[in-house]
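# Secondary and tertiary structure notes
Spelled out, the chains give:
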Amino acid sequence: MNKKELRLKYKELRQNLSENDIDKMSLEIVNTILKLDIWDKVYFHVFLPIEEQKEVNTEFVLHLLQGKDKEIVVSKADFDTREMTHFLLTDNTKIKKNEYNIPEPVDGIEVPTHKIDVVFVPLLAYDKIGNRVGYGKGFYDKFLSECKPETIKIGLSFFEPEEFISDVFENDIRLDFCLTPKLFINFNIY
């Protein structure tokens, strides 16, 4: 399938999930995160979910990272430039939904991209070698291309991988791992 077809398929699959399903599966994903060898890292970038899109609830990820005393980074998107600015999430960080219902920090302590060690990546679909399909705006591909090469990229999904995405671009950044309620997939072995 191509990206357009996959976006339609997975948006529809997500719409069939109840709030209870989302919370249960999100918690199972967080339990899988504990198996990753990432706990020596310091700066963890976490997406804040768009509830209307029924994304993985990363509130559980935030609690886990806070419990492990990690530096948590969240982003604000500029839809004109397609740039993301990254901020440290602190007790004082004010979060506000933008015009697309994406929760974002209003302002705060900016964190340069090169400091980020681990990125939890939102996605609609992904394939068996770590290619991902997002909403098509290119924010994460641009952001991930600016990260240092050793930054660990972890997709979070409710669903299993597709066999193959037919229209992957040269600039698309592959994931290192993807976590689902049932699977822990390491793409670095391919």
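The coordinates are above.
Everything in this summary refers to the structure shown in the same document. (Residues numbered from 1 in each chain as written. Predicted model: local features only at pLDDT ≥ 70, side-chain atom pairs only at ≥ 80, totals over all residues. Heavy atoms only, no water.)

## What about unusual backbone geometry?
In the Ramachandran plot, Lys-54 falls in the positive-phi region, its phi being about 55 degrees despite a non-glycine side chain. In this fold, Lys-54 is placed in the loop between strand 1 (43–46) and helix 3 (59–67). For Asp-69, which is not glycine, the phi dihedral falls at a positive 60 degrees. Position of Asp-69 among the secondary structure elements: in the loop between helix 3 and strand 2 (71–78). (Helix = DSSP H or I, 4+ residues; strand = E, 2+ residues; numbered from the N terminus.)

## Description of the packing of helix 2 (residues 19–33) against helix 3
When two helices pack together, their arrangement is captured by the angle between the axes and the distance separating the axes. Taken N-terminus to C-terminus, the directions of helix 2 and helix 3 make an angle of 35 degrees; their axes are 9 Å apart at the nearest point. For the crossing formed where helix 2 meets helix 3, the hand is right-handed. The segment helix 2 lies against helix 3, with Asp-23, Ser-26, Leu-27, Val-30 and Ile-33 engaging Phe-60, Val-61 and Leu-64. Of the residues contributing to the contact of helix 2 with helix 3, the split by class is 6 nonpolar, 1 polar and 1 charged. (Axes fitted to C-alpha atoms, helices over the stretch in contact; angles between N-to-C directions. Left-handed = near helix turned anticlockwise from the far one by under 90°. Contact = heavy atoms within 4.5 Å. Nonpolar A, V, L, I, M, F, W, Y, C, P; charged D, E, K, R; others polar.)

## Thoughts on the pairing of strand 2
Examined bridge by bridge, strand 1 and strand 2 share 3 bridges and lie parallel to one another. Residue pairing in the sheet places Phe-44 in a bridge with Ile-72 of strand 2. This β-α-β element, strand 1 to helix 3 to strand 2, shows right-handed connectivity. In terms of strand pairing, strand 2 meets strand 3 (residues 83–88) through 6 bridges, oriented antiparallel. Looking at strand 3, one finds that Ser-75 is bridged to His-86. The turn linking strand 2 back onto strand 3 is made up of 4 residues, and Arg-82 within it adopts a positive phi angle of 65 degrees. (Pairing = 2+ DSSP bridges. Right-handed = clockwise from strand over helix to strand, strands pointing away.)

## Digging into helix 4 (residues 139–146)
Within helix 4, burial applies to Phe-139, Tyr-140, Asp-141, Phe-143 and Leu-144. Summarising the contacts, the buried residues of helix 4 are in contact with strand 1, strand 2, strand 3, strand 6 (118–121), strand 8 (132–133) and strand 9 (152–156). (Buried < 20%, exposed > 50% of the residue type's maximum accessible area, 1.4 Å probe, protein only.)

## Observations concerning the packing of aromatic side chains
Applying the stated criterion across every chain, the model contains 8 aromatic pairs. When the ring of Phe-79 is compared with that of Phe-139, the centres are 4.9 Å apart and the planes differ by 70 degrees; the resulting orientation is edge-to-face. Placement of the pair is Phe-79 in the loop between strand 2 and strand 3 and Phe-139 in helix 4, with a sequence separation of 60 residues. An aromatic cluster of at least three residues, connected via ring pairs, comprises Tyr-10, Phe-158 and Phe-159. The ring of Trp-39 has Lys-68 sitting right over it, with the charged end atom 4.9 Å from the ring centre. (Phe/Tyr/Trp six-rings, centres within 6.5 Å; stacked < 30°, edge-to-face > 60°. Lys NZ or Arg CZ within 6 Å of the ring centre and 35° of its normal.)

## Focus: the pattern of salt bridges
Inspection of the entire model under this criterion finds 12 salt bridges. Here Lys-9 makes a salt bridge to Glu-162, at a shortest N to O gap of 2.8 Å. You can see Lys-9 sitting in helix 1 (residues 3–15) and its partner Glu-162 sitting in the loop between strand 9 and strand 10 (177–179), a full 153 residues away along the chain. Judged by its relative accessible area of 13%, Glu-162 is buried. A cluster of three or more residues bridged by salt bridges with shared partners is formed by Lys-24, Glu-28 and Lys-182. (Salt bridge = Lys/Arg side-chain N within 4 Å of Asp/Glu carboxyl O.)

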